[in-house]
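Here is how the chains run, residue by residue.
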Amino acid sequence: KTILIATANPGKAAEYRNIFEEKGLEVKTLADLPEKYDINENGTSFEENALIKANTLMNALDLPVLADDSGLIVDALNGAPGIHSARYAGDHDDAANNQKLLQNLAGLPFEKRTARFHCTIVVVRKNHEPLSVSSEVSGHILTKAQGSDGFGYDPLFYYTPLKKSFAELTMAEKNQVSHRGLAVAKLAQVFDDWWND
Ligand code: ITT
């Protein structure tokens, strides 16, 4: 069985592959499709943007589709970058995004650098209500990058219980505790009922 994920982000794709292949499912993403799809992610919430991605692909291919909209919510920045996390510094450039985040938090002490990652997953199929789950994980924003695994803001996201940044965890370790890993665990609890409905 193959699951189609409406993502062009290789970091996300790798994490979903890690999670779903363990369950015996093969993951395909936008990178595996012969055509390019123009997805206009202009929603005002994680859920809206996830639905736009999933529906665009479902309508084009006539298949059930999963989409993930996620981001980093920083308390001292009134929730920024939030739904704009991928393009915080303009283009989708992880290094520039991280640099901008560090600049905007310059001088702020550790205890005021609280943040959380958010992940909303939606699954759609024709003539059914979409299924939607969300999860978050709390942490602190470091003052300089730590670790080289993961993607996006992982080198700046300090996960206090493990005393490591997300970029210092293996993918399996990150999936145990991350916003995405927790959202997939929630999805697993409700998916079968929805699918068989
Ligand atoms: P797709 O829309 O193609 O899935 P995207 O990267 O544009 O890819 P989003 O719009 O959901 O996806 O933006 C998510 C951004 O939030 C992502 O680019 C990272 O900057 C950040 N992000 C989300 N999850 C993350 C994680 O686990 N680790 C680090 N950064 C993460």
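What counts and what doesn't
- Each chain has its residues counted from 1, following the order in which its sequence is written.
- Since the coordinates come from a predicted model, pLDDT governs what is reported: local features require at least 70, and pairs of side-chain atoms require 80 or more to be given and counted, while whole-chain, interface and lining totals use all residues.
- Processing note: side-chain calculations cover all non-hydrogen atoms of the structure and skip hydrogens and water entirely.
- A helix here means a DSSP run of H or I that spans at least four residues, while a strand means a run of E at least two residues long, and both kinds are numbered starting from the N terminus.
- Each radius of gyration reported is based on C-alpha atoms, and the globular scaling rule is 2.2 Å times the count of residues to the power 0.38.
- Partly exposed residues are those whose accessible area sits between 20% and 50% of the maximum for their type, while under 20% is buried and over 50% is exposed, using a 1.4 Å probe and protein chains only.
- Any two residues having at least one pair of non-hydrogen atoms within 4.5 Å are treated as being in contact.
- For every accessible area listed, the method is Shrake-Rupley and the probe measures 1.4 Å; residues are considered covered only by the protein chains on display.
- In this count, Lys and Arg are taken as positive residues and Asp and Glu as negative ones, while His and the chain termini are left out.
- Every charge is mapped to an atom, namely NZ of Lys, CZ of Arg, CG of Asp or CD of Glu.
- Counting of polar contacts relies on pairs of N or O atoms within 3.5 Å, with two restrictions inside protein: one atom must be capable of donating a hydrogen and the other of accepting it, and residues adjacent in sequence are counted only when both atoms are side-chain atoms.
- When DSSP finds at least two bridges between two strands, those strands are taken to pair.

**Here we look at the overall build of the protein chain**
Step number 1: Secondary structure summary: the protein chain contains five helices and seven strands in total.
Step number 2: The C-alpha atoms of the protein chain give 17 Å as radius of gyration, which agrees with the globular expectation for 197 residues (16 Å, within 12%).
Step number 3: Each principal axis of the C-alpha distribution contributes one length, and for the protein chain these read about 50 × 30 × 25 Å.
Step number 4: Counting only residues that meet the buried cut, the protein chain has 44% of its 197 residues in that class.
Step number 5: By sequence separation, contacts in the protein chain at least 24 residues apart represent 59% of the contacts at least 6 residues apart.
Step number 6: Working note: accessible area of the protein chain is about 10300 Å², and carbon and sulfur atoms make up 49% of it.
Step number 7: Looking at the protein chain, you have 20 positive and 27 negative side-chain charges, and the mean spots of the two groups are 4 Å apart.

**Description of the environment of Arg113**
Step number 1: Examined against the element boundaries, Arg113 turns out to sit in the loop between helix 3 (94-104) and strand 4 (114-124).
Step number 2: Residue Arg113 is classed as buried on the basis of its relative accessible area, which comes to 3%.
Step number 3: Taking C-alpha positions, Arg113 is 39 Å from Pro64, a pair spaced 49 residues apart along the chain.
Step number 4: Beyond its immediate chain neighbours, meaning those up to four positions away, Arg113 contacts Leu102, Leu105, Leu108, Gly139, His140, Ile141, Leu142 and Thr143.
Step number 5: Side-chain polar atoms of Arg113 contact the backbone oxygen of Leu108, separated by 3.1 Å.
Step number 6: At 2.9 Å, the side chain of Arg113 forms a polar contact with the backbone oxygen of Leu142.

**Topic: the pairing of strand 4**
Step number 1: The element strand 4 is largely enclosed, with a buried count of nine among its eleven residues.
Step number 2: In this sheet, strand 4 lies alongside strand 3 (residues 65-74) in antiparallel orientation, the contact comprising ten bridges. Paired with Val65 across the bridge in strand 4 is Val124.
Step number 3: In the sheet, strand 4 pairs with strand 5 (residues 131-141) via ten bridges, with the strands oriented antiparallel. Bridge pairing links Val123 to Leu131 in strand 5.
Step number 4: Hairpin connection, strand 4 to strand 5: the antiparallel pair is bridged by six residues, and Asn127 has positive phi, about 65 degrees.

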